[in-house]
Amino acid sequence: MQSYNLKHIKELEAESLFVIREVVAQFEKPVLLFSGGKDSIVMLHIAYKAFYPAGLPFPLLHIDTGHNFPETLQYRDELVARLKARLVVGSVQESINNGRVAEEIGINASRNVLQTVTLLDAMEEHGFDAAMGGGRRDEEKARAKERFFSHRDEFGQWDPKNQRPELWNLFNGKKYQGEHFRVFPLSNWTEMDVWQYILLENIPMPSLYFSHYRECVNRKGVLLARSEFIKLQKDEKWEKMKIRFRTIGDMSCTGAALSDASSIEEIIEEVAAARQTERGTRADDKRSETAMEDRKREGYF
C-alpha cells in the first residue's frame, strides 16, 4: 500500500475512533448495529481498538430478516464469541408473527423494508439512545445528506432538512425523552478506503466477499443468488456463475457481481476499476428514485 494511502487510512481511523468514543461519552445506552457486512465489521474492529484492553462498553444489535445468507450468520456468531461481545437480535419474523408488519407478496417481495419496525421496536425495548451504523456518504445520495450524529425524533424518523451543524468536530447529542440518535463513524470513508483498511489490519472477512461459483438468476440486471426465498418467473432460469458480493444483506434483494477477485488485493483492484457503486446491486434501492431516503425518513438505518 502506498504511503500516502496509509496516512489517509490512519486519519480516517483516528476520526472514527474519536466519534465512537464521543458516543460512549455522550449517551447512556449506545449500541452498535451489526449486519455482518464489511462496513459493520470494520466499525466493530475500530470500536474494539477504541477501548482495548477493556471489552466493548456496548452490545451489538443485529436485525435478523430471516432471509440472511448462512455464511453471514456463521461469521457473526464466530466473531461475537471471539470478541466476547454481547449480541442482541431483533427478529423480523417475530415482528410478522406479532402483527407488527405484514409480509410482502409478489415476485419481488423482500423483508428488507420490514427491518425498520423491528429496529425501532428493539431500540425501544432495550432503551438504546444511540445506534452506531456503518453507513458511508459515498454509498447512496440519501446517505450523502447525513451528519455523523443523526437526530431521530420520538417516532424514530429522520428530517434531512433539520440536522445540526458539526463544526470543528463538535457533536451535539442533546435529545428529549423518547428521541435517539443514529451515529455513523465511517461517514467519510469510501468503499476503497474500507478495503484498504481491511488489508492493512488483516481483518478476516466472510467468504461471500470473495469470488466463488453460485447459481444465480439475472432479474432486470440484478444477479440474485439461488435460495428458497426467490421464485423464478416463467422466462427465468438458474445459471451457474462466478460471482462475489460487494454488499451483504437480505438474500431476496442483495445482488451479486461477476468477479474473479479471490483476495483482498484483487478486490481492491476491482473496486478501483468499478463504474457502479456497491448499492447499485441492491434490488430494494431500485424500487424508486427516492427508495433509500423514504426508508430513512421512516426510521431505516
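Predicted, not measured: the structure shown is a model, and the values here were computed from it.

1. Topic: the overall build of the chain
So, point 1. Scanning the chain for helices and strands turns up eight helices and ten strands.
So, point 2. Each principal axis of the C-alpha distribution contributes one length, and for the chain these read about 55 × 50 × 40 Å.
So, point 3. Counting every position in the chain, which comprises 301 residues, the buried fraction comes to 55%.
So, point 4. If you sum the accessible surface of the chain, you get close to 14600 Å²; carbon and sulfur atoms cover 50% of it.
So, point 5. Here the chain carries 43 positive and 47 negative side-chain charges, and the mean point of each set is 1 Å from the other.

2. Some points on the domain arrangement of the chain
So, point 1. Annotation of the chain at the domain level lists domain 1 (8-193 + 290-298) and domain 2 (205-286).
So, point 2. Distance from the C-alpha centre of domain 1 to the C-alpha centre of domain 2: 23 Å.
So, point 3. Contacts between domain 1 and domain 2 engage 30 residues on the former and 31 residues on the latter.
So, point 4. In total, domain 1 and domain 2 occlude about 2500 Å² of area from one another, counting both sides; carbon and sulfur atoms represent 56% of this.

3. Overview of the pairing of strand β2 (residues 60-64)
So, point 1. Within β2, five of the five residues are buried, leaving the element largely enclosed by the surrounding structure.
So, point 2. Where burial is concerned, the two faces of β2 agree: the one with Leu 60, His 62 and Asp 64 and the one with Leu 61 and Ile 63 are both buried.
So, point 3. Inspection of the sheet shows strand β1 (residues 30-33) paired to β2 by two bridges, in the parallel sense. The partner of Leu 32 across the bridge, within β2, is Leu 60.
So, point 4. Crossover handedness for the path β1 to helix α2 (residues 38-51) to β2: right-handed.
So, point 5. Note: β2 against strand β3 (residues 87-91), five bridges, orientation parallel. For Leu 60, the partnering residue across the bridge sits in β3 and is Leu 87.
So, point 6. Regarding the hand of the β-α-β motif, the stretch spanning β2, helix α3 (residues 70-83) and β3 is right-handed.

4. Digging into the packing of α2 against helix α6 (residues 191-201)
So, point 1. Here α2 crosses α6 at 50°, and the two axes come no closer than 10 Å. One way to sum up the angle between α2 and α6 is to call them oblique. Classified by chirality, the crossing of α6 by α2 is left-handed. Residues Lys 38, Asp 39, Val 42, His 45, Ile 46 and Lys 49 of α2 form the contact with α6, whose participating residues are Glu 191, Val 194, Trp 195, Tyr 197, Ile 198 and Glu 201.
So, point 2. By residue class, the composition of the contact of α2 with α6 is six nonpolar, one polar and five charged.

5. Some remarks on the sheet that holds strand β9 (residues 239-244)
So, point 1. On the basis of which strands lie adjacent, the closed barrel formed by four strands has the order β7-β8-β10-β9 and antiparallel pairing. Neighbour-to-neighbour, the strand axes of the sheet open up by a mean angle of 70°, direction not taken into account.
So, point 2. Two elements, strand β7 (residues 212-219) and β9, share five bridges in a ladder whose sense is antiparallel. Bridging from a neighbouring strand, Tyr 213 pairs with Lys 242 of β9.

6. Things to note about the sheet that holds β2
So, point 1. The sheet built from six strands is open, its strands ordered β3-β2-β1-β4-β6-β5 with mixed pairing. Edge positions in the sheet fall to β3 and β5 (149-152), since each of these pairs with one other strand and no more. Each adjacent strand pair in this sheet contributes to an overall mean axis angle of 30°, direction not counted.

7. Here's the deal with the nonpolar core
Most often, soluble globular proteins have nonpolar side chains that are buried together.
So, point 1. Counting residues in hydrophobic clusters, the biggest one holds 58 residues, and the most contacted among them are Leu 32, Val 42, Phe 149, Trp 195 and Met 205.
So, point 2. If you tally residues by element for this core, the top one is α2, at eight residues.
So, point 3. Formed jointly, this core draws a minimum of three residues from each of two domains, domain 1 (8-193 + 290-298) and domain 2 (205-286).
So, point 4. Excluding its chain neighbours within four sequence positions, the residues that come into contact with Val 42 are Leu 186, Trp 189, Val 194, Tyr 197, Ile 198 and Ile 203.
So, point 5. If you look at the next biggest cluster of nonpolar residues, it comprises 14 residues, including Leu 61, Val 88, Ile 96 and Val 101.

Rules of the game
- Residues numbered from 1 in each chain as written.
- Predicted model: local features only at pLDDT ≥ 70, side-chain atom pairs only at ≥ 80, totals over all residues.
- Heavy atoms only, no water.
- Helix = DSSP H or I, 4+ residues; strand = E, 2+ residues; numbered from the N terminus.
- Buried < 20%, exposed > 50% of the residue type's maximum accessible area, 1.4 Å probe, protein only.
- Areas by Shrake-Rupley, 256 points an atom, 1.4 Å probe, with all protein chains shown as cover.
- Lys, Arg positive; Asp, Glu negative; His and termini not counted.
- Charge placed at Lys NZ, Arg CZ, Asp CG, Glu CD.
- Domains from an automatic or database assignment.
- Contact = heavy atoms within 4.5 Å.
- Buried area = accessible area lost by both parts, 1.4 Å probe.
- Pairing = 2+ DSSP bridges.
- Right-handed = clockwise from strand over helix to strand, strands pointing away.
- Axes fitted to C-alpha atoms, helices over the stretch in contact; angles between N-to-C directions.
- Parallel < 35°, antiparallel > 145°, perpendicular 65-115°, else oblique.
- Left-handed = near helix turned anticlockwise from the far one by under 90°.
- Nonpolar A, V, L, I, M, F, W, Y, C, P; charged D, E, K, R; others polar.
- Core = buried A, V, L, I, M, F, W, Y, C linked by side-chain atoms within 4.5 Å.

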